[in-house]
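Examining the three-dimensional arrangement
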Amino acid sequence: MLKFGALLALTSLIPAFVEAVAPVWGQCGGNGWSGETACASGSTCVKSNDWYSQCITSSTQASSTVQSSTAAQPSTTSTPAAGNPYDGYEIYLSPYYADEVIAAAAAITDPTLKAKALKVKDIPTFTWFDVVAKTSQLGTYLADADAKAKTTGKKYLVQIVVYDLPDRDCAALASNGEFTIANNGLNNYKGYVDKLAAEIKKFPNVRVIAVIEPDSLANMVTNMGVTKCQGAASAYKEGTIYAVKKLSELGVYSYLDAGHAGWLGWLPNLTPAAELFAQIYKDAGSPPFLRGLATDVANYNAYTTTSPDPVTQGSPNYDELKYITSLAPELQSRGFPAHFIVDQGRSGVQNIRKEWGDWCNVKNAGFGTRPTLNTGSSLVDSIVWIKPGGECDGTSNTSAVRYDGHCGKESAHKPAPEAGTWFQAYFENLVKYANPAL
Ligand SMILES: *[C@@H]1O[C@H](CO)[C@@H](O)[C@H](O)[C@H]1NC(C)=O
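The rules behind the values
- Residues numbered from 1 in each chain as written.
- Predicted model: local features only at pLDDT ≥ 70, side-chain atom pairs only at ≥ 80, totals over all residues.
- Heavy atoms only, no water.
- UniProt positions renumbered as here; feature names shortened; annotations may be inferred.
- Core = buried A, V, L, I, M, F, W, Y, C linked by side-chain atoms within 4.5 Å.
- Buried < 20%, exposed > 50% of the residue type's maximum accessible area, 1.4 Å probe, protein only.
- Contact = heavy atoms within 4.5 Å.
- Disulfide = S-S within 2.5 Å.
- Helix = DSSP H or I, 4+ residues; strand = E, 2+ residues; numbered from the N terminus.
- Salt bridge = Lys/Arg side-chain N within 4 Å of Asp/Glu carboxyl O.
- Polar contact = N/O pair within 3.5 Å; in protein donor to acceptor, adjacent residues only side chain to side chain.
- Phe/Tyr/Trp six-rings, centres within 6.5 Å; stacked < 30°, edge-to-face > 60°.
- 1 Å grid on protein atoms, 1.4 Å probe; cavity = no way out; pocket = protein on both sides within 12 Å on 5 of 7 lines; lining within 4 Å.
- Points joined across faces, edges and corners; volume = space filled by probe spheres on them.
- Nonpolar A, V, L, I, M, F, W, Y, C, P; charged D, E, K, R; others polar.

As recorded in an unreviewed UniProt entry, the protein chain goes by Glucanase and comes from Crucibulum laeve. Quoted straight from UniProt, the Sequence similarities (unreviewed entry) entry for the protein chain says "Belongs to the glycosyl hydrolase family 6."

This next bit is on the nonpolar core. Counting 73 residues, the largest nonpolar core has Val 162, Leu 256, Phe 277, Leu 293, Leu 331, Phe 336 and Phe 340 as the members making the most contacts within it. With near-sequence residues (within four places) excluded, Leu 331 lies in contact with Ala 274, Phe 277, Leu 293, Phe 336, Ala 338 and Phe 340. Counting residues in each nonpolar core, the second largest holds 25 residues, with Ala 104, Ala 105, Phe 423 and Ala 434 among its members.

For the coordinates displayed, the defined rule picks out three disulfides. What pairs with Cys 28 in a disulfide is Cys 45, and their sulfur atoms sit 2.0 Å apart. Across the S-S bond of Cys 28 and Cys 45 the torsion is about 95 degrees, and the bridge reads as right-handed. Of this pair, Cys 28 sits in strand 1 (residues 27-29) while Cys 45 sits in strand 2 (residues 43-49), placing them 17 residues apart in sequence. When its relative accessible area of 36% is taken as the criterion, Cys 45 is described as partly exposed. Covalently, Cys 360 is tied to Cys 407 through a disulfide, its sulfur atoms 2.1 Å apart. Negative torsions about the S-S bond denote left-handed disulfides, and the value of about 95 degrees found for Cys 360 with Cys 407 makes this one right-handed.

Counting across every chain of the model gives 18 salt bridges. Here Arg 291 makes a salt bridge to Asp 381, at a shortest N to O gap of 2.8 Å. One end of the pair, Arg 291, is in strand 9 (residues 290-295); the other, Asp 381, is in strand 11 (residues 380-384), with 90 residues separating them in the sequence. You'll find Arg 291 and Asp 381 in the same group, each marked buried. Across the salt bridge formed by Lys 354 and Glu 410, the nearest N and O atoms sit 3.8 Å from each other. Residue Lys 354 is found in the loop between strand 10 (339-343) and strand 11, and its partner Glu 410 is found in the loop between strand 11 and helix 10 (424-432); the two are separated by 56 residues along the sequence. Each of Glu 275, Glu 330 and Arg 334 takes part in salt bridges that share partners, so that together they form one network.

Residue Pro 415 follows Lys 414 across a cis peptide bond; omega there is -5 degrees. Of the consecutive residues Asn 435 and Pro 436, the connecting peptide bond is found in the cis state with omega at 0 degrees. Among the structural elements, Pro 436 can be located in the segment after helix 10. Here Asn 184, not a glycine, exhibits a phi torsion of approximately 65 degrees, which is positive. The topology assignment puts Asn 184 in the loop between strand 6 (156-162) and helix 5 (185-201). Residue Asn 184 is classed as partly exposed on the basis of its relative accessible area, which comes to 42%.

So, about the side chain of Thr 421. Along the chain, Thr 421 turns up in the loop between strand 11 and helix 10. Within polar-contact distance, the side chain of Thr 421 engages the backbone oxygen of Glu 418 at 2.6 Å.

To continue, consider the packing of aromatic side chains. What describes a pair of aromatic rings is the distance from one ring centre to the other and the angle between the planes of the rings. Applying the stated criterion across every chain, the model contains 12 aromatic pairs. Residues Trp 128 and Tyr 163 carry aromatic rings whose centres are separated by 5.1 Å and whose planes lie at 90 degrees to one another, so their mutual orientation is edge-to-face. One end of the pair, Trp 128, is in strand 5 (residues 127-129); the other, Tyr 163, is in the loop between strand 6 and helix 5, with 35 residues separating them in the sequence. An identical accessibility class is assigned to Trp 128 and Tyr 163; each is buried. Between Phe 367 and Phe 427 the ring centres are 6.1 Å apart and the planes differ by 75 degrees, which places this aromatic pair in the edge-to-face class. Of this pair, Phe 367 sits in the loop between strand 10 and strand 11 while Phe 427 sits in helix 10, placing them 60 residues apart in sequence.

In total, this model carries three cavities of 30 Å³ or more according to the counting rule given. Quantified by volume, the largest cavity comes out at close to 50 Å³. Along the walls of the largest cavity sit Tyr 163, Leu 165, Arg 168, Asp 169, Glu 213, Pro 214, Asp 215, Ser 216, Asn 219 and Tyr 236, which together make up its complete lining. Residue composition of the lining of the largest cavity, grouped by class: four nonpolar, two polar and four charged.

Structure (structure tokens):
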């Protein structure tokens, strides 16, 4: 709700005879939306979910007509490059996130904070494909990355999150998705993966790195007591296998989501987690481009620390590197490729949670370590930013359909808008408390 303050202020300067429209990147629909539903010139209204539609510019959508400009040599081979897939590549910066950051910075009056905020647009984050409607944007990004590669002579990679399983977010409410298992969700999901694959296929010279389905398999390890998770288990597994196989065929390096130290890192969870990942890998036919696991996605844990956050008490795996180091041998002994990437986008500040399980818009979080290949561990390919900082984890409106109690907790920043939408006050704190400083 705070997202477009600056843009709204600008539109108020537009002479009254101009028909009122929602600004570029502004909300243009969703349950309960009473604002403008037409979009500013150059943008169209794209449904994000039942609660949110957004004006997206033509340059970032409708890429189905974009063609790879030359008959490029297919880089897709059945054999992955040896070593770290990040090595030797420039990471493509999402123009969508950059626009969000620019709009957010424009709404900040303090010049020092504004300047720091603007730096965030040059730090690579993953782009989340959380609805089918967004899949065509991937083609636009890949075309753009392909063009940049040609002009700079550098090799580019694009980072994506595959996130649209049916009955998504089975143990929580805040990020429920567009597909339900009861209503053809698994087939719809395969169609969604096919759409991403079709875009990727057009740009064989651009490397794609994918994080597969945050929280889903971790829920299969620890939340099978939740009816919705139990009911989703076979669809989650079949959907995940379908995605990793299909993406591997196109040379996409993928990392399955593996929760975080405070979830699968508890000692009793390590072996069952490794068993599940190894089983998925085997059932998918050991896809050669399945590179490993992604941890701490959208979470707040330290990568490595000598002073454990009090909420981690009782676990020897009190940071991500300890978790990874404990899990890796369990994976290796089962034949699973134990390579990792670790999200540190919001991990700059520790000791801000009341409980380790607090995940929703944790108050006073700061941007963390910048993406780097300098990880200090041969198990870890890269420190990355997967969650785009400033995009909300879930609404704090207790009457909203997707209200999750975690987003109303004492440690959660309130008031918070719907999941995935811009949360200006939260972003400003991430900038303010960034560690290292911006
Ligand atoms: C909270 O959600 C309800 C139900 O969708 C809606 O009617 C109400 O306006 C929302 N309140 C705020 C402050 O957004």
